[in-house]
Structure formats: structure tokens, C-alpha cells
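# Chain and residue survey
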Amino acid sequence: MTEAKEAILLVGGKGTRLRPLTVHTPKPMVPAAGVPFLTHQLARARAAGVEHIVLATSYLAEVFEPHFGDGSSLGLHIEYVTEREPLGTGGAIRNVASRLVSGPDEPVLIFNGDILTGLDIRALVTSHATSGADVSLHLTRVEDPRAFGLVPTDDTGRVTAFLEKPQTPEEIVTDQINAGAYIFRRSVIDTIPADRPVSVERETFPGLLASGAHLQGMVDSTYWLDLGTPQAFVRGSADLVLGRAPSPAVPGRCGDRLVLPTASVAADAKLSGGTVIGEGALIGAGARIDGSAVLAGAVVEPGAVITDSLVGAGARIGSRTVLAGAVVGDGAQVGADNELRDGVRIWCGATLPDASVRFSSDE
């Protein structure tokens, strides 16, 4: 079979590195290019032939089903399984196995809820089928692999080792990393221990390799981004709007800007670089917004300048305030004439008075 009809999507993480974006919203539900990020992943899976998806949820699990329901609006059949205790990536996969209907040798797609990728899913399934692998992994190449697990392969693409986060130059034997999408032979999922935490990266894959199982790597170096930090999330949203990251779920044509229908943007405001303006947001006269996301109901007052930043739902940015690489949480109020740069995060509901924060140009 060269099509995976079923998939497991791992969406249980707390998104700690993304706070304050994830205080009220699980990471996969934070809007990217105008819709919850998860929508892009579900739509791409559907486009690749997947029909049944099981969401492995944990943190803020209750918000997924009211939004996506049974999946029929996306042409999918979606089920939800909630972990009571965190089980890790392997444990989460095993925990939802009873919901799968595939036969023992059929392929099951598994992917992480925080990776934005242009992966050719059908090509990964085909590679899995033709190689006869037990598990196939999407691999991508990165310039600096020290923050990732390395996955060297032989000249046929067969995985030879799993090397966790190398620290010395000698340990960096490849630039190939685990990109967070897999095809499992259905029967392999049942070999993962049940009812305890298991890391698929640190336990399942090395264990399978040691037991002689066939693990195949497919390098696909199209677009790939780990959305684990606010800066990466903002970049990913902009790349979706610009069309650099492919998705059938972007609600409009790709281009320099995406303004959702009920937003109001002053005629002389300038929006560029894949900026998205959410439902009901208000952008004042002369505002300049580049490569940023302004979420639903937020207000950007006249003359504000926002670059590579995220403004949370219902937040307010005062006149002439400058944001550069900043994140403003839901409902926060930033007064006029402030300057927030370089990774500054303003918590949900916080209030900054007018002209209270300023970075000098030599900092």
C-alpha cells in the first residue's frame, strides 16, 4: 500500500517555551496565518490521502474537539485521546493504538504538532513501502545540528544510529536530523510498552535498531521549521502567508499580507512581510507592521511600528510604540511611546504605562 490512510498527531505538549502564547491556548491551537496551526497540519495530511486522524492530547485537551469536531469539515474522521499523565512521544503513540483500524503491515503516519514542514508525505509513504521498512523517518539537513538528534544513514538510506544532541565536533558525523514525522508499520506500534512514559527518540528507535529492525531515513530538505519559540512561530506564520511554507489551509491568497474579513486597517497603514491581521483587529493610521501576527480583537494605535512580533488576542499597542522581536500576551495593554525589542515578552493581561520602557539605540 502506497498511501497512509491513518495518522496519529502528537499535540500534548505544554508549549512552555512559547509562553505567554500558550497560557490560555495549547501550542497547536495558536493562530498561524489566520487559523490554528493544527489546521495546516490536518489539511496537509488530508491532501496526502490520510482519512482518519487520532489526536493525542494532554495540555488544555478540552479545546481541540469543540473546534475541529469529528473532522468532517476538513474531509477527515478525527478522534481524540487524552493522556491523564504525560507519557512522552512513544507513550502517547502507544496510548492511542487501540483507535487505529489499519492491518498489522499497513502504514501509519505519525507527526508532531509543532513542526511546520513542506514534507512530501506521499513520497515518505512510498519510500517506506519500497524499502520494506518497519519505521521510516523524515530527516532534514541543518547547518548546526548540535540542538538536535542526529540520524546517520548508509548509502541506501537505512538508519545506522541515533545520536542525541552532539557536543564535540567529532560527534557531528552527519547534518541529518530527525524532523519529527514518521511512518510506522502498524504492528510496530504494539511493541511500545503501554502505560508508562516512553521517548520514541531515546528509547523506541534505538531499541528497534538494536533488535535488528529496519529503520529507513528519507531526507527531504524542503521547508522545515520547529515552532518551539515565539520568534520561530511568528516566522512560520509569515512564511505561510508568503507562500514559502505550503498549506492548503491559508484563508486567502498568499502574498505580503493576510487581513481577515472583520479586521479594520487604516488606509495609510503599511502591512508587509507576511503579516497577518486577525478577526476584529483594528490597525490605526500610519501604523507599520512587518512580518508579524496581530491576533483577533487586538488594537494597534496610530503610528506604532511592529516588526517580527506577535500581538496576542485582545491586546492593545499604544501610539508610536515600537515592537521588534517581541511577544505581547492576550489582553495585555502596552501604552504609547514604549520600545520593546529582542525577545521581550509581555504577560497576558499585563499593563505597561505610556513611555515606561525604552531601549537606547546602543543596547
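Along each chain, residues carry numbers from 1 onward, in the same order as the chain's sequence is written. Note on the predicted model: pLDDT of at least 70 is required for a residue's local features to be given, and 80 or more for side-chain atom pairs to be given and counted; whole-chain, interface and lining totals, by contrast, use all residues. Calculated side-chain values reflect all of the structure's heavy atoms, with hydrogen atoms and water omitted.

In the nomenclature of an unreviewed UniProt entry, the protein corresponds to NDP-sugar synthase from the organism Streptomyces sp. 900116325. UniProt positions are given in the numbering used here, feature names are shortened, and annotations may be inferred rather than shown by experiment. If you open the UniProt record of the protein and go to Sequence similarities (unreviewed entry), you find "Belongs to the transferase hexapeptide repeat family."

### Thoughts on the packing of aromatic side chains
Side-chain rings of Phe, Tyr and Trp (the six-membered ring for Trp) are treated as a pair once their centres are within 6.5 Å; stacked means planes under 30 degrees apart, edge-to-face means over 60, and tilted covers the remaining angles. Per the stated rule, a full pass over the model turns up six aromatic pairs. Ring geometry for F37 versus F233: centroids 6.3 Å apart, planes at 65 degrees, classification edge-to-face. Placement of the pair is F37 in helix α1 (residues 37-47) and F233 in helix α7 (residues 230-242), with a sequence separation of 196 residues. The pair F37 / F233 is uniform in exposure class, with both members buried. Here the aromatic rings of F162 and F205 are separated by 5.5 Å at their centres, their planes lie at 20 degrees, and the arrangement is stacked. One end of the pair, F162, is in the loop between β8 (135-141) and β9 (176-185); the other, F205, is in helix α6 (residues 200-210), and 43 residues separate them in sequence. Only protein chains enter the area calculation, which uses a 1.4 Å probe; residues under 20% of their type maximum are buried, those over 50% are exposed, and those in between are partly exposed. Taking relative accessible area as the criterion, F205 reaches 0% and is therefore assigned buried. What links up through ring pairs into an aromatic cluster is the set F162, Y182, F184 and F205. Strands are runs of DSSP state E lasting at least two residues, helices are runs of H or I lasting at least four, and both sets are numbered from the N terminus onward.

### Some details on the sheet that holds strand β20 (residues 305-307)
At least two bridges found by DSSP between two strands are what make those strands a pair. In space, the five strands of this open sheet follow the order β14-β17-β20-β23-β26, with parallel pairing throughout. Every interior strand has two partners, whereas the edge strands, β14 (270-272) and β26 (339-341), have only one. Pairwise comparison of adjacent strand axes, ignoring direction, gives a mean angle of 0 degrees for this sheet. For strand β17 (residues 288-290) and β20, the ladder comprises three bridges, and the chain directions are parallel. Bridge pairing links I289 to I306 in β20. Working convention: axes come from line fits to C-alpha atoms, limited for helices to the stretch in contact. Angles between N-to-C directions cover 0 to 180 degrees.

### Topic: the UniProt feature "domain: Mannose-1-phosphate guanyltransferase C-terminal" (unreviewed entry) in the protein
Annotation from UniProt places "domain: Mannose-1-phosphate guanyltransferase C-terminal" (unreviewed entry) at residues 255-336. End-to-end, the C-alpha atoms of residues 255-336 are 30 Å apart, and along that stretch the chain is 0% helix and 41% strand.

### Description of the pattern of salt bridges
Oppositely charged side chains may form a pair once their charged atoms are brought near each other. Put simply, a salt bridge is a Lys or Arg side-chain nitrogen that is within 4 Å of an Asp or Glu carboxyl oxygen. Counted under the stated rule, the structure contains 14 salt bridges. Its salt-bridge partner being D114, residue K27 comes within 3.1 Å of it at the nearest N-O pair. Remark: D114 occurs in the loop between β6 (107-112) and β7 (115-117) and K27 occurs in the loop between β1 (6-11) and β2 (31-32); sequence separation between them is 87 residues. For R186, the salt bridge goes to D190, with nearest N and O atoms at 3.1 Å. Residue class for R186 comes out buried when judged on its relative accessible area of 10%. Residue D190 is classed as partly exposed on the basis of its relative accessible area of 39%.

### A word on the UniProt feature "domain: Nucleotidyl transferase" (unreviewed entry) in the protein
As recorded in UniProt, the feature "domain: Nucleotidyl transferase" (unreviewed entry) lies at residues 7-239. Each end of residues 7-239 is marked by a C-alpha atom, and these two atoms are 25 Å apart; helix forms 26% of the span and strand 24%.

### A short note on the pairing of strand β4 (residues 52-57)
Here β4 lies mainly inside the structure; six of its six residues are buried. Relative to β4, β1 runs parallel, the two sharing six bridges. Opposite L9, over in β4, you have L55 as the bridge partner. As paired strands, β4 and strand β5 (residues 77-82) are joined by six bridges and run parallel to one another. Paired with V54 across the bridge in β5 is E79.

### Focus on α7
With 13 residues, α7 extends 18 Å between its outermost C-alpha atoms, agreeing within 8% with the 18 Å of an ideal straight helix rising 1.5 Å per residue. Among the 13 residues that make up α7, 10 are buried, leaving the element largely enclosed by the rest of the structure. Residues of α7 that are buried include every one of P230, A232, F233, V234, G236, S237, A238, D239, L240 and V241, and no others. Once α7 ends, the next one or two residues include G243, with phi positive near 90 degrees. Take the number of residues in a helix, subtract one, and multiply by 1.5 Å to get its expected span.

### What about the environment of R202?
Here R202 shows up in helix α6. According to the relative accessible area criterion, R202 is exposed, its value standing at 54%.

### Section: unusual backbone geometry
With an omega of 10 degrees, the peptide bond between R19 and P20 qualifies as cis. Tracing the backbone through its elements, the reader meets P20 in the loop between β1 and β2. Of note, the phi angle at A33 is positive, near 55 degrees, even though the residue is not glycine. Within the secondary structure, A33 is located in the loop between β2 and β3 (35-36). The phi dihedral of D308 falls on the positive side, at around 50 degrees, and the residue is not glycine. Checked against the element boundaries, D308 lands in the loop between β20 and β21 (310-311).

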